[in-house]
Amino acid sequence: MAGFRIQKEKLPGGVVLVGVKGFLDAHTFEQLEKEFADLFDAGSFRLIVDLAGLDYISSAGAGVFIEAIGTSQENEGNIILMRPGPNVKEVFDLLGLSQIFTFKDTREEALQSLARVGA
Amino acid sequence: MRGSLKDRLTVSNDTRHLLAVRDFTGRMARQGPLPPEEVHKITLAVDEAVTNIIEHGFNQGEKGSIEIEAEWEGEKFRVTIRDSARVFNPDSIPSPDVQEHVKAGRKKGLGLFLMRQIMDEVKYRYKDGTQNELTMVKYVKAK
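Cut-offs and rules
Residues numbered from 1 in each chain as written. Chains lettered and ligands numbered in written order. Predicted model: local features only at pLDDT ≥ 70, side-chain atom pairs only at ≥ 80, totals over all residues. Helix = DSSP H or I, 4+ residues; strand = E, 2+ residues; numbered from the N terminus. Rg over C-alpha atoms; globule rule 2.2 N^0.38 Å. Buried ≥ 20, exposed ≤ 12 C-beta atoms within 10 Å, placed from the backbone. Contact = placed C-beta atoms within 7 Å. Pairing = 2+ DSSP bridges. Axes fitted to C-alpha atoms, helices over the stretch in contact; angles between N-to-C directions.

(A) Examining the overall build of chain A more closely. Assigned secondary structure in chain A consists of 4 helices and 5 strands. Mapped in sequence order, the helices and strands of chain A form the string β-β-α-β-α-β-α-β-α. In terms of C-alpha radius of gyration, chain A reaches 13 Å, essentially the compact-globule figure of 14 Å for 119 residues. Overall, the C-alpha framework of chain A stretches about 35 × 25 × 20 Å when taken along its three principal axes. A total of 119 residues make up chain A; the buried ones form 42% of that total.

If you want it as structure tokens, here you go:
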């Protein structure tokens, strides 16, 4: 589907880095929803999502993260968010999600956050 | 800003048109003296409103059209969204306690919450017994 793209990379310790690009709205959110579902089915609950390439998110997109963090934390994992642009961060702030999600600027900091989870 | 600037976009009830809705809204909002971050938030509010209509206003497979009219009137940017979907009055839905909502993993109702947070006015009426009409207004704030 044009407008939204996902890239994945395996990192040390079973962590998966998910990079998202484009826009995450009511038309594209199901792609990310499916991606998270597939990762959880495969037993990957420790995720880093790099938001640097995400130009736009609406509540449909935020909803995917809300559901996913619940599942990951129930399975002793977590989802760390990296490098949101100001427009994307604003939506997380407006929805109060900045109190629920951890934001990091670098891959190393994000990995360190996850290293403390499920240890 | 003097005078008025008005334009209109009509789309069918399909989420693939949300990008066009955002592009139209952004283009119109940028005609006035709003800072870029406010333009973006208004675009988001309109996206949320149109998404609600598409997702809740029509039955599966039902075709419909949604008209988005944007207008600058002095220091006010007004977006009026008209649709022929089933009657839906957002005033009947209280804003969720977002923190509790999110903790419970619930995502419904967040769009309406954002619309009310972002826009200075959100008004609804059911016009002529045939049409939902949602009007949202953003004022240019004095510095």
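(B) Quick look at unusual backbone geometry. Residue and element names in this part refer to chain A. The backbone of Glu76 sits at a positive phi, close to 60 degrees, despite the residue not being glycine. Relative to the helices and strands, Glu76 is located in the loop between α2 (59-74) and β4 (78-82). For Glu76, a count of 11 C-beta atoms within 10 Å corresponds to the exposed category. Phi is positive for Arg83, close to 50 degrees, though the residue is something other than glycine. Structurally, Arg83 is set in the loop between β4 and α3 (86-94).

(C) Broad picture of the interface of chain B and chain A. Of the residues lining the interface, 20 residues belong to chain B; the matching set on chain A comes to 21 residues. Those elements giving two or more residues to the side of chain B that touches chain A turn out to be α1 (18-29), α2 (36-56), α3 (98-103) and α4 (110-118) of chain B. Tallying contributions element by element places α2(B) first for the side of chain B that touches chain A, with 7 residues.

(D) Summary view of the sheet that holds β4(A). All names here are of chain A. Taking strand neighbours across the sheet as the criterion, the 5 strands line up as β1-β2-β3-β4-β5 in an open arrangement whose pairing is mixed. Pairing within the sheet leaves two strands with one partner each, and these edge strands are β1 (4-10) and β5 (102-104). Ignoring strand direction, the axes of neighbouring strands in this sheet form an average angle of 25 degrees. When strand β3 (residues 46-57) meets β4, the two strands line up parallel, connected through 5 bridges. Paired with Leu47 across the strands is Ile79, a residue of β4. Of the strands in this sheet, β2 (16-24), β3 and β4 touch α2, which is tilted by about 140 degrees from β4.

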